[in-house]
Amino acid sequence: MRENLHRFFRAARGAGVRLSPAESIDAMRAVSKIGFADRAILRDTFLLTLAKSEEEKQALGNCFDLFFSQPEPKEETAPEDAAESRNTESSGSEAEPGNDTGAPSPELGDLAQMLMSRDRNAIAAAMAAAANAASLSDIRYFTQRGIFSTRILEQLGIERLRDDLDALTAANPAEAERLAAALEALRENVRDVVNQALLLYGREEAENLRHEILRNAPLARLERRQVEQMKALIRAIARRLRERYSKPRKRQRRGHLDLRRTLRRNAAWGSVPFLISWKRRHRDRPKIVALCDVSGSVAQVSDFFLLLIHSLHEVVDDVRSFAFSGHLIEVSDILDKKTHEEAMSEIMSKVGFGSSDYGGSLVDFEKDFINTVTPKTTVIVLGDARTNNLDPRADILRTISERSKRLVWLNPEGRMAWGWGDSEMPRYATFCSVVRQCATAKQLERAVTDIVAAYQ
């Protein structure tokens, strides 16, 4: 039963329930108290000890119902069998006591006798044992269904059953037809068990595979159906970053000795150093100024970038966001006061989908917002640096670089395209601390992680 509980915990994680080892231990302790006799009480116990939100309760309840339910064994449905049963009922008094045609032949194997006797409990128990022997809980992908079905049938004794079926075909064709129909029903039962296991244990791997594909998909070329999936992925990335970098730092018992503080703390004992003080490095929380190109070629990437940055309130101390195409405006209040979808709709209606004018937008920033850049500020520019052959005003970018702590440029285009056509990326890169390609969610996560980690 402990192995079954471990499999259930793994299936629950695949269903989206976050379980730590400590929570799993607590659940097992609770189960040891209430037992397995009452299925409803067992279900409520798991919901109370493992679920931490209404969504997790729903997911865990569905997972429990699927895990502890067994597919109903199917019975053979051969037409000859139905006719034979009707003839048997009509002539029951004429049948001799020793000629029960429904009894299994003694020379048949265990599986054949089990199928011929229609012992549903024995069949279900044998299938469960065969599934465990075949390590069915290791199934991960739908392409493995045939492999595990074959393994389970081999564990049940399908080879002996085939021999029995050949022998019975020669000796008693009617009984052979019954056994063939029972074998087909057995195959359907095995397929149902494998499909159920795939739902339980393959969900997490399928979700991970889908996320990995999505993480490496070009943000600028997502299909409409993938946009919402990408937003959910970006929010999950933001949650991981918050959990990683917003935790309070523990005081470390190492580093450089702070002699003055140590003597001051131990003055009551004649400055004998019973209490040691270490020099601590002051770390500022990140202050970010983001300049996002929302012209037609980069708008969707900027959408996801702003969603990620403004989801890091616990990590980033201050975020000032600006959007531009032909001209530049501040959008921080819009993003803070409205939902992301409403905010982006308003931003795009004001400055979105126009032709890029990096020089004019940098002039707007220098004129009205240059004071937002301080020696503690990290400035992030997200854009393809394509100026439509207008003045790039790289001198203003140099001023921003000199006033800021770091200047990071994230370009959705591939590096091979930088400097070709109207791209001014090589000229802008001269004044940047970091220049990175940022075309996928994976690259975006890595870039933002490096920015936040630099303040730790």
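What you see is a predicted model, and the numbers here were worked out from it, not measured in a lab.

K.L.:
Explain the pairing of strand E1 (residues 287-293) to me, using residue names and the numbers behind them.
P.N.:
With 6 of its 7 residues buried, E1 lies for the most part within the structure. Pairing between E1 and strand E4 (residues 377-382): 6 bridges, direction parallel. What sits directly across from isoleucine 288, in E4, is threonine 378.

K.L.:
I'd love a proper account of the pairing of strand E2 (residues 318-324), names of residues and values included.
P.N.:
Counting buried positions over the 7 residues of E2 gives 5, a clear majority of the element. Of the strand pairs in this sheet, E1 and E2 are connected by 7 bridges, and their pairing is parallel. Across the sheet, residue valine 289 finds its bridge partner in E2, namely arginine 320. The pairing of E2 with strand E3 (residues 328-330) spans 3 bridges and is antiparallel. In the sheet register, alanine 323 faces E3, and the bridge partner there is isoleucine 329.

K.L.:
Give me the lowdown on the sheet that holds E4, citing residues and values where you can.
P.N.:
As summarised here, the arrangement of the 6 strands in space is E3-E2-E1-E4-E5-E6, forming an open sheet in which the pairing is mixed. One side of each edge strand has no neighbouring strand; the edge strands of this open sheet are E3 and strand E6 (434-437). With direction set aside, neighbouring strand axes in the sheet form an average angle of 20°.

K.L.:
Talk me through the environment of glutamate 330; I want residue IDs and the actual numbers.
P.N.:
One can find glutamate 330 in strand E3. Linking glutamate 330 and leucine 291, residues 39 residues apart in sequence, is a C-alpha distance of 9.0 Å. Setting aside its immediate chain neighbours within four residues, glutamate 330 contacts Arg320, Ser321, Phe322 and Phe369. Here arginine 320 takes part through its side chain, which lies 2.5 Å from a polar atom of the side chain of glutamate 330. In terms of polar contacts, glutamate 330 uses its side chain to reach the side chain of serine 332, at 3.1 Å.

K.L.:
A description of helix H16 (residues 340-351) should follow, citing residues and the corresponding values.
P.N.:
For an α-helix, the turn length of 3.6 residues means that residues three or four places apart are oriented alike. Its 12 residues give H16 an end-to-end C-alpha distance of 16 Å, which sits within 8% of 16 Å, the value for a rise of 1.5 Å per residue. Those residues of H16 lying buried are His340, Ala343, Met344, Glu346, Ile347, Met348 and Val351. Looking at the buried residues of H16, the elements they touch are helix H14 (299-309), E2, E3 and helix H15 (332-337). Where H16 terminates, the next one or two residues include phenylalanine 353, which has phi positive at roughly 65°.

K.L.:
Help me get a handle on the pattern of salt bridges, residues and values and all.
P.N.:
All told, the structure shown has 22 salt bridges when counted by the stated rule. The residue arginine 225 makes a salt bridge to glutamate 223 at a minimum N-O spacing of 2.9 Å. Under the relative-accessibility criterion, glutamate 223 is labelled partly exposed at 42%. Each of Arg18, Glu23, Lys52 and Glu56 takes part in salt bridges that share partners, so that together they form one network.

What counts and how
- Residues numbered from 1 in each chain as written.
- Predicted model: local features only at pLDDT ≥ 70, side-chain atom pairs only at ≥ 80, totals over all residues.
- Heavy atoms only, no water.
- Buried < 20%, exposed > 50% of the residue type's maximum accessible area, 1.4 Å probe, protein only.
- Helix = DSSP H or I, 4+ residues; strand = E, 2+ residues; numbered from the N terminus.
- Pairing = 2+ DSSP bridges.
- Axes fitted to C-alpha atoms, helices over the stretch in contact; angles between N-to-C directions.
- Contact = heavy atoms within 4.5 Å.
- Polar contact = N/O pair within 3.5 Å; in protein donor to acceptor, adjacent residues only side chain to side chain.
- Expected span 1.5 Å × (residues − 1).
- Salt bridge = Lys/Arg side-chain N within 4 Å of Asp/Glu carboxyl O.

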